[in-house]
Amino acid sequence: EIVLTQSPDFQSVTPKEQVTITCRASQNIVSSLHWYQQKPDQSPKLLIKYASQPFSGVPSRFSGSGSGTEFTLTISGLEAEDAATYYCHQSMSLPCSFGQGTKLEIK
Amino acid sequence: EVQLVESGGDLVKPGGSLRLSCEGSGFTFNSYSMYWVRQAPGRGLQWVSSISSRDALTFYADSVKGRFTISRDNAKKSLFLQMNSLRADDTAVYYCAAGKQPYDAFDIWGRGTMVTVSS
């Protein structure tokens, strides 16, 4: 089973800052890594698929990069509405797995 | 509007059964693989099961294999999860999700339905 480890677990940032969340995979997953945003009491929403492809309708301040075992989600010019928990997810092999989540607080 | 709507969540005793449903609209349901993902209270996301679009190949997490059964009815644009021998650690919000392929990102998510297993 492929384990995904996100860092940090929690980050408090101010609006307009740039934040980077890292996801490390226990095995090579090439680019089969996706990022989701989950706001309190809402379902997750897909942000980035296959490491760097923005999903339809996602604001351009969200971007992804990486391959193999290390991936990053970058949010540029943070807005108050970006307060949420962010999850990475690998679909390289079953069981597909998620990172433990990174909670982002906007000061 | 692209939408997935789950139903069927309830309070059930340990050892009991429950059947969840998920109805899709606004997209070509029979072209999408479908998934169940759950989230225990205050916890992260956990994949439960997947079913492919047309040949209905099924896949399960080890924690539910032999107890849960995923199925779909493309004519009714519906996905199901039959849950038997429920345990306290099955307590979670169950989300229905859709993606283009069995091994893919989850493009579309429902709002979830709560399953509570408690005596």
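Not measured: the values here are computed from a predicted model.

Undergrad: Looking at this structure, I do not really get the overall build of chain B. What am I missing?
TA: When its secondary structure is counted, chain B shows 0 helices and 11 strands. Overall, chain B shows an N-to-C arrangement of helices and strands of β-β-β-β-β-β-β-β-β-β-β. At 13 Å, chain B has a C-alpha radius of gyration in line with the 14 Å of a compact globule built from 119 residues. With the C-alpha coordinates of chain B rotated into their principal frame, the extents come out at 40 × 25 × 25 Å. Considering chain B as a whole, with its 119 residues, one finds that 49% of them fall into the buried category. Of the contacts made within chain B by residues no fewer than 6 positions apart, 56% connect residues no fewer than 24 positions apart. Entry remark: accessible area of chain B is about 5,500 Å², with carbon and sulfur atoms responsible for 46%. Charged side chains of chain B number 13 positive and 11 negative; the gap between the two group centres comes to 3 Å.

Undergrad: So what exactly am I meant to see when it comes to the state of the cysteines here?
TA: Residues and elements named next belong to chain A. For the coordinates displayed, the defined rule picks out 2 disulfides over all chains. Paired by a disulfide, Cys23 and Cys88 hold their sulfur atoms 2.1 Å apart. Disulfide Cys23-Cys88: the torsion about the S-S bond is 75°, which places it as right-handed. Placement of the pair is Cys23 in strand 3 (residues 19–25) and Cys88 in strand 9 (residues 84–90), with a sequence separation of 65 residues.

Undergrad: In this structure, what is going on with the sheet that holds strand 7 (residues 68–73) of chain B? I would like to understand it.
TA: Residues and elements named next belong to chain B. Taken in spatial order, the 4 strands of this open sheet run 1-3-8-7, and their pairing is antiparallel. Two strands close off the open sheet at either side, each with one partner strand: strand 1 (3–7) and strand 7. Along the sheet, successive strands turn relative to each other by an average axial angle of 15°, direction set aside. Bridge analysis of strand 1 against strand 3 (residues 18–25) gives 5 bridges, and the strand direction is antiparallel. Directly across from Glu6, in strand 3, lies its bridge partner Cys22.

Undergrad: Looking at this structure, I do not really get the environment of Ala56 of chain B. What am I missing?
TA: With respect to the helices and strands, the residue Ala56 of chain B is situated in the loop between strand 5 (45–51) and strand 6 (58–60). Taking the C-alpha atoms as reference, Ala56 of chain B lies 27 Å from Gly15 of chain B; in sequence the two are 41 residues apart.

Undergrad: Is there a simple way to think about the interface of chain B and chain A in this case?
TA: How big an interface is tends to be reported as the loss of accessible area on association of its parts. The interface is formed by 17 residues belonging to chain B together with 19 residues belonging to chain A. In total, about 1,500 Å² of surface goes out of reach between chain B and chain A, with carbon and sulfur atoms giving 65% of it. Among the residues chain B hides against chain A, the three largest losses belong to Leu45, Trp47 and Tyr103 of chain B. Together they make up 37% of the total. For the pair chain B and chain A, the interface holds 1 salt bridge. Between Asp107 of chain B and Lys49 of chain A there is a salt bridge; the shortest N-O distance is 3.2 Å. Viewed at the interface, chain A and chain B are joined by 8 residue pairs in polar contact (both at pLDDT 80 or more).

What counts and how
- Residues numbered from 1 in each chain as written.
- Chains lettered and ligands numbered in written order.
- Predicted model: local features only at pLDDT ≥ 70, side-chain atom pairs only at ≥ 80, totals over all residues.
- Heavy atoms only, no water.
- Helix = DSSP H or I, 4+ residues; strand = E, 2+ residues; numbered from the N terminus.
- Rg over C-alpha atoms; globule rule 2.2 N^0.38 Å.
- Buried < 20%, exposed > 50% of the residue type's maximum accessible area, 1.4 Å probe, protein only.
- Contact = heavy atoms within 4.5 Å.
- Areas by Shrake-Rupley, 256 points an atom, 1.4 Å probe, with all protein chains shown as cover.
- Lys, Arg positive; Asp, Glu negative; His and termini not counted.
- Charge placed at Lys NZ, Arg CZ, Asp CG, Glu CD.
- Disulfide = S-S within 2.5 Å.
- Pairing = 2+ DSSP bridges.
- Axes fitted to C-alpha atoms, helices over the stretch in contact; angles between N-to-C directions.
- Buried area = accessible area lost by both parts, 1.4 Å probe.
- Salt bridge = Lys/Arg side-chain N within 4 Å of Asp/Glu carboxyl O.
- Polar contact = N/O pair within 3.5 Å; in protein donor to acceptor, adjacent residues only side chain to side chain.

The values reported here are purely geometric and, on their own, carry no functional implication.
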